[in-house]
Amino acid sequence: MGENLLKVHGSGNTFYLYETKDEASMDWFKFGEWLCRESNDGGADGLLLVAPSDVATAKMRVINADGSEASMCGNGLRCVARYVLEREGVDECIIETMKANLLVTREPSLMNDVPTYAVEIAPVSFDLTSLPMQYNAQTTLIDECIPTFSTDIRFTAVSVPNPHLIGLVPKEMITSKQHQQQLATMLNGENDYTPDGVNVSYMYPLGEQEIYVRTFERGVGFTNACGTAMTASALVATLLHLVGEGTITVFNPGGFVKCEVQNDNGDYRLRLIGNATFTAHYTFTPQQDEWVLQKLEDTKEQQAYEALVDYTASKLAVFA
């Protein structure tokens, strides 16, 4: 008899979600890398592992597509939030993540009855040692040009707790991925700046309280969305006075989310609000050194999510 798992997504950031009662029961790094391969029904950006917790309602672990482990994933946490809250029959709870225990809540739908959840994003640090990142013996990097990266882009580095390098870019660097891919590939290989790699986001203001963010994720590559990157970008956009504090709509290649930013004298409080869509049910069984994945059935939830996709496409016509 096979084990059950779900395919889910937050803003088009896709995952397989699996609940285990025993974290020691499997090599999750090997399983996650295998599961995310494109040959497995299109693959995914990562594996979300739901496990028991001694300090919260449940624990979330995030295995990237390359088999590495991420300290946090905002889009993934929304999906885990929905799974755990529905399992418990409650509207809010605490989820344990690698660096913090975070509040998650059920929220009113963003659009078209799409299941919507909010997650706390923390901790926040602008200290370069928290990424880690090394540049010019500085302790922070906020709205600065790094000539070896680009003479046109001003960058800000922040961890939430995933490491992010966020560049405010002109329109032509949104319409083309080339520069971002070259820089992100360099910073996620052997380099003098980010020894553990970094998520690289390019940000462009769209209008009042609206920005666009595209992210090259460490351990994954370009994704439809990265929850911590969108939240970190919303924070940076407030620091640069591109938008005001409060609720910011962040568009991405996969849809859009709402990010809440509050700054109390440097004590940043961040919330990420967006969809948690379950698209299909699967079963898997061990076979020799790998596993066999079998789809049981699709859900109908993606059809509802398409309304967000269509709305996003209309907003992003500016890049056409």
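Definitions and limits used
- Residues numbered from 1 in each chain as written.
- Predicted model: local features only at pLDDT ≥ 70, side-chain atom pairs only at ≥ 80, totals over all residues.
- Heavy atoms only, no water.
- Phe/Tyr/Trp six-rings, centres within 6.5 Å; stacked < 30°, edge-to-face > 60°.
- Helix = DSSP H or I, 4+ residues; strand = E, 2+ residues; numbered from the N terminus.
- Buried < 20%, exposed > 50% of the residue type's maximum accessible area, 1.4 Å probe, protein only.
- Expected span 1.5 Å × (residues − 1).
- Contact = heavy atoms within 4.5 Å.
- Salt bridge = Lys/Arg side-chain N within 4 Å of Asp/Glu carboxyl O.
- Pairing = 2+ DSSP bridges.
- Polar contact = N/O pair within 3.5 Å; in protein donor to acceptor, adjacent residues only side chain to side chain.
- Core = buried A, V, L, I, M, F, W, Y, C linked by side-chain atoms within 4.5 Å.

S.K.: I keep staring at the packing of aromatic side chains and nothing clicks. Help me out?
M.R.: Aromatic ring pairs are described here by two measures, namely the spacing of the ring centres and the angle between the planes. The full count for this structure, using the stated rule, is 17 aromatic pairs. Relative to phenylalanine 284, the ring of tyrosine 18 has its centre 5.3 Å away and its plane inclined at 70 degrees; by these criteria the two rings are edge-to-face. A residue pair is termed long-range when its members are at least 10 positions apart, and tyrosine 18 in strand β2 (residues 13-19) and phenylalanine 284 in strand β18 (residues 277-287) qualify at 266 residues. For phenylalanine 284, a relative accessible area of 2% puts it in the buried group. Their ring planes at 45 degrees and their centres at 5.6 Å tell us that phenylalanine 251 and phenylalanine 256 sit as a pair that is tilted. Given the relative accessible area of 0%, phenylalanine 251 is considered buried. We classify phenylalanine 256 as buried; its relative accessible area is 4%. Three or more aromatic residues joined by ring pairs make a cluster, and in this case those are Tyr18, Trp28, Phe31, Trp34, Phe284 and Trp291.

S.K.: I would appreciate a short explanation of helix α6 (residues 301-315) in the present structure.
M.R.: Residues three or four positions apart in an α-helix share a direction because the helix packs 3.6 residues into each turn. Between its terminal C-alpha atoms α6 stretches 23 Å, which fits the 21 Å expected from 15 residues at 1.5 Å a residue. Inspection of α6 places Tyr305, Leu308 and Thr312 among the buried residues, and these make up the whole buried set. In this structure, the buried side of α6 is in contact with β1 (3-10), β15 (246-252), β16 (255-264), β17 (267-275) and β18.

S.K.: What is the right way to look at the environment of glutamate 297 in this model?
M.R.: In this fold, glutamate 297 is placed in strand β19 (residues 290-298). Take glutamate 297: its relative accessible area is 47%, and that puts it in the partly exposed class. Beyond its immediate stretch of four places on either side in the chain, glutamate 297 contacts Ala280 and His281.

S.K.: Can you walk me through the pattern of salt bridges in this structure?
M.R.: Side chains that carry opposite charge are capable of pairing whenever their charged atoms lie near each other. One pass over the structure, following the stated rule, counts 18 salt bridges. Across the pair glutamate 210 and lysine 315 runs a salt bridge whose closest N-O atoms are separated by 2.9 Å. Taken as a pair, glutamate 210 in strand β13 (residues 210-217) and lysine 315 in helix α6 lie far apart in primary sequence, 105 residues in all. Residue classification places glutamate 210 among the buried positions, given a relative accessible area of 14%. The partner of arginine 271 in a salt bridge is glutamate 260, and the shortest N-O contact between them spans 3.0 Å.

S.K.: Mind showing me how you'd approach the pairing of strand β4 (residues 58-64) here?
M.R.: Two faces belong to every sheet, and in a regular strand the side chains alternate between them. The element β4 is largely enclosed, with a buried count of seven among its seven residues. In β4, alternate side chains face the same way, and those of Ala58, Met60, Val62 and Asn64 on one face and Lys59, Arg61 and Ile63 on the other are all buried. In this structure, strand β3 (residues 46-51) lies alongside β4, joined through six bridges in antiparallel fashion. Within the sheet, the bridge partner assigned to leucine 47 lies in β4 and is isoleucine 63.

S.K.: I would appreciate a short explanation of unusual backbone geometry in the present structure.
M.R.: Outside of glycine, negative phi angles account for most residues, and trans bonds account for most peptide bonds. In the segment running from alanine 122 into proline 123, the intervening peptide bond is cis, with an omega of -5 degrees. Counting through the fold element by element, proline 123 comes out in the loop between β8 (116-121) and β9 (144-145). The amide bond that connects valine 160 to the next residue, proline 161, takes the cis arrangement and shows omega of -5 degrees. Of note, histidine 241 is a non-glycine position whose phi angle comes to about 60 degrees, a positive value. Mapped onto the secondary structure, histidine 241 falls in the loop between α5 (227-239) and β15. Owing to a relative accessible area of 71%, histidine 241 belongs among the exposed residues under this scheme.

S.K.: When you look at the side chain of glutamine 180 in this model, what are you seeing that I'm missing?
M.R.: Mapped onto the fold, glutamine 180 is located in helix α4 (residues 178-187). For glutamine 180, a relative accessible area of 0% gives the class buried. Of the polar contacts made by the side chain of glutamine 180, one reaches the side chain of arginine 214; its length is 2.8 Å. If we ignore the near neighbours within four places in the chain, the residues touching glutamine 180 are Val200, Ser201, Tyr202, Arg214, Thr215, Phe216 and Phe222.

S.K.: Would you mind showing me how to read the nonpolar core here?
M.R.: The nonpolar side chains of soluble globular proteins are, as a tendency, buried together. Counting 52 residues, the largest nonpolar core has Leu48, Ile95 and Val250 as its most contacted members. Membership of the second largest hydrophobic core comes to 31 residues, among which are Leu131, Ile146, Leu187 and Phe256.

S.K.: Just to check I follow, could you spell out the pairing of β8 for this structure?
M.R.: Counting buried residues in β8 gives five out of six residues, a clear majority hidden from the surface. Sheet topology places strand β7 (residues 101-107) next to β8; four bridges connect them, and they run antiparallel. Note that in β8 the partner of glutamate 107 across the bridge is threonine 116.

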